[in-house]
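An overview of the molecular structure
Spelled out, the chains give:
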Amino acid sequence: MTNSNEPVRFPDSFIWGAATASYQIEGAAREAGRGPSIWDTFSRTPGKVHAGHTGDVACDHYHRYRDDVALMAELGLHTYRFSIAWPRVQPDGTGPVNPYGLDFYDRLVDELRGRGIEPIITLYHWDLPQTLEDRGGWTNRETAEAFAEYARAVYARLGDRVQTWTTLNEPWCSAYLGYGAGVHAPGRTDPAATFQTVHHLLLGHGLANQALRAAGASTVGITVNPTSAFPADPASEADAKAVELVEDLQNRIFLDPILRGGYPQRILDHVSRFTSLDHIRDGDEKIIGEPIDLLGINYYSPTYLAARDGAPGGGGAFPGTEGIEFIAPEPPLTDMGWQIQPSGLTALLSKLGRDYPGVPMIITENGAAFPDQLHPAGDRVDDSDRVAYLDGHLRAAHAAIAAGVDLRGYLVWSLLDNFEWSYGYDKRFGIVYVDYLTQRRVPKASARWYQEVIRRNGIG
Ligand code: FCB
């Protein structure tokens, strides 16, 4: 299915869009009262981000949003997923709301709707106010409570015009890469902090979900990045066990509390090797398990695992996985070194549809970095490798729908080349090229291809 040249058509109601995140595109890091976030601090810490890049200017979207929205309209996007920078709204993370920070999102929402593009808001795409981190960040339960306050403030301003709200983006990355492996802000390397963070992110999600719903929000969800993991040897029971543990740590630790009412005992046992469970209080799982309307799935590449004595495991990103080998990705690879395997997406969606029935899914991110070159004429980028990647993954998504998965839409990552976290501006994920010297936008061949996919509601 996934590699054929057969034409495919998506359901009539299928939603097409693109995604970005505040710190990766906005710039204007000190404008209109924005406070510092953990990514401002992290990117200024020597050695943490490629070539010392920061999000200070990024794509300057804060000032160029009108042109960017015009481009989205030209491409025919139905929806645009963006995140709100918490430190623009509450510079210190709690307390008085900065109306000037919200003004920007007010203008952006109006601009989008004026062009017939439906906004999808992500409330937290990793830019925690630094003041909250100074008080323990997500290891502190109060951060979850502050998050719900912040959600309430954003909804009060934009709720009359925005239907779809998602709480967190990829809490696995926030917790394990931020507090475990230390490769994302705030750069901590403490497994106890990692698991406390997991819980407080989930609690923040639950409290924000309650707050949004009480305020009248009709569609509330969350975006996760579940692993699509496979045993190196399909016949090996030990490899299957390795897959189960890694899925526990990346998928079930989030999705079971959200969609099945609580943590499985096996996961609590694993967590208690690293921290007491005192941070999980009576009643928390009930809050976390309140119904959601939409599950956002981000997928980029598969993971292959083998049980092997002496293997170091996944380090801080997967505490307690010693004895598991994370197999090096096999070509074809993207510029991130990520294995290209569209069938991993079909498998993941099908599995999630089986394990967590009843909640509609949307692909909130999928895409690829390639070393794009602006054509010497300056007017185009021939990114046929990205077109092939997207083509394969859309066919894979279509195969999941054909197999009965309730998948409502697809959002490409990303609209624009942008600040790719610890890789800085070195990795280009956009369907639109950004010349960082001039801030000129040049739609790549993939943007034109995607425009045609949207127009036809399918491929071919
Ligand atoms: C995801 C992030 C997104 C972007 C892509 C490449 O993990 O949510 O911001 O960095 O990866």
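As the structure is a computational prediction, the values presented were derived from the model and not from experiment. (Residues numbered from 1 in each chain as written. Predicted model: local features only at pLDDT ≥ 70, side-chain atom pairs only at ≥ 80, totals over all residues. Heavy atoms only, no water.)

A few points about the packing of aromatic side chains
In total, this model carries 40 aromatic pairs according to the counting rule given. Relative to Phe 104, the ring of Tyr 65 lies with its centre 5.6 Å away and its plane at 85°, an arrangement referred to as edge-to-face. One end of the pair, Tyr 65, is in helix α3 (residues 61-75); the other, Phe 104, is in helix α5 (residues 99-114), and 39 residues separate them in sequence. On the basis of relative accessibility, which here comes to 0%, the residue Phe 104 falls in the buried class. Look at Tyr 300 and Phe 429: their rings are 6.0 Å apart centre to centre, the planes differ by 80°, and that puts the pair in the edge-to-face class. Placement of Tyr 300 in the loop between β8 (294-298) and β9 (303-307) and of Phe 429 in the loop between β12 (407-413) and β13 (432-435) is noted, with a sequence separation of 129 residues between them. Taking the relative accessible area as the measure of exposure, Tyr 300 reaches 13% and is therefore buried. (Phe/Tyr/Trp six-rings, centres within 6.5 Å; stacked < 30°, edge-to-face > 60°. Helix = DSSP H or I, 4+ residues; strand = E, 2+ residues; numbered from the N terminus. Buried < 20%, exposed > 50% of the residue type's maximum accessible area, 1.4 Å probe, protein only.)

Concerning helix α14 (residues 384-402)
In a regular helix each residue adds 1.5 Å, so 19 residues correspond to 27 Å; α14 covers 27 Å between its end C-alpha atoms and thus fits that length. The buried fraction of α14 amounts to 15 of the 19 residues, a majority that puts the element mostly inside the structure. Just downstream of α14 lies Gly 404, where phi reads positive at about 105°. (Expected span 1.5 Å × (residues − 1).)

A look at the nonpolar core
One finds Trp 39, Tyr 124, Trp 165 and Tyr 450 to be the most contacted residues of the largest nonpolar core, which totals 134 residues. Look past the residues within four positions of Tyr 450 in its chain and what remains in contact with it is Trp 16, Gly 17, Leu 77, Tyr 410, Leu 411, Val 412 and Ile 431. Within the second largest apolar cluster, five residues are counted, among which are Ala 144, Leu 203, Leu 207 and Ile 287. (Core = buried A, V, L, I, M, F, W, Y, C linked by side-chain atoms within 4.5 Å. Contact = heavy atoms within 4.5 Å.)

A short note on the sheet that holds strand β10 (residues 324-326)
The strand order across the open sheet formed by three strands is β7-β9-β10, and the pairing between neighbours is mixed. Unpaired on one side and paired on the other, β7 (229-231) and β10 mark the two borders of the sheet. Ignoring strand direction, the axes of neighbouring strands in this sheet form an average angle of 35°. The sheet contact formed by β7 and β9 spans three bridges and is parallel. The partner of Ala 229 across the bridge, within β9, is Thr 303. Lying on the sheet, helix α10 (residues 237-260) is in contact with β7, β9 and β10; it crosses β9 at an angle near 125°. (Pairing = 2+ DSSP bridges. Axes fitted to C-alpha atoms, helices over the stretch in contact; angles between N-to-C directions.)

Considerations on the site of the ligand
Every residue close to the ligand is listed here: Gln 24, His 125, Trp 126, Asn 169, Glu 170, Tyr 300, Glu 365, Trp 413, Glu 420, Trp 421 and Phe 429. The contact in question runs from an oxygen atom of the ligand to an N or O atom on the side chain of His 125, over 2.8 Å. Within the contact set of the ligand, an oxygen atom lies 3.0 Å away from a side-chain nitrogen or oxygen of Asn 169. Within the complex, the protein chains bury 95% of what would otherwise be the 290 Å² of accessible surface of the ligand. (Near = heavy atom within 4 Å. Polar contact = N/O pair within 3.5 Å; in protein donor to acceptor, adjacent residues only side chain to side chain. Areas by Shrake-Rupley, 256 points an atom, 1.4 Å probe, with all protein chains shown as cover.)

Focus: the side chain of Gln 339
Turning to its location among the elements, Gln 339 is positioned in the loop between β10 and α13 (343-355). In this structure Gln 339 comes out as buried when scored by relative accessible area, which is 11%. Separated by 2.8 Å, the side chain of Gln 339 and the backbone nitrogen of Glu 330 make a polar contact. Here the side chain of Gln 339 touches Gln 341 through a polar contact of 3.4 Å, side chain to side chain. Ignoring anything within four residues of it in the chain, the contact list for Gln 339 reads Tyr 300, Ser 301, Pro 302, Tyr 304, Pro 329, Glu 330, Pro 332 and Leu 333.

Looking at unusual backbone geometry
The step from Ala 185 to Pro 186 runs through a cis peptide bond, and the omega angle for that step is 5°. Geometrically, the link from Trp 413 to Ser 414 is a cis peptide bond, its omega value of 10° lying close to zero. A positive phi is found at Glu 170, a non-glycine position, where the angle reads about 45°. According to the relative accessible area criterion, Glu 170 is buried, its value standing at 6%.

Points about the pattern of salt bridges
In the structure shown here, the tally under the stated rule is 39 salt bridges. Between Arg 88 and Glu 26 there is a salt bridge whose closest N-O contact spans 2.7 Å. One end of the pair, Arg 88, is in helix α4 (residues 86-89); the other, Glu 26, is in the loop between α1 (22-25) and α2 (38-43), and 62 residues separate them in sequence. The burial state of Arg 88 is the same as that of Glu 26; both residues are buried. Several salt bridges share partner residues, and in doing so they unite Lys 241, Glu 244, Glu 247, Asp 248, Arg 252, Arg 266, Lys 351 and Asp 355 into one network. (Salt bridge = Lys/Arg side-chain N within 4 Å of Asp/Glu carboxyl O.)

Read these as layout, nothing more, since geometry by itself doesn't imply function.
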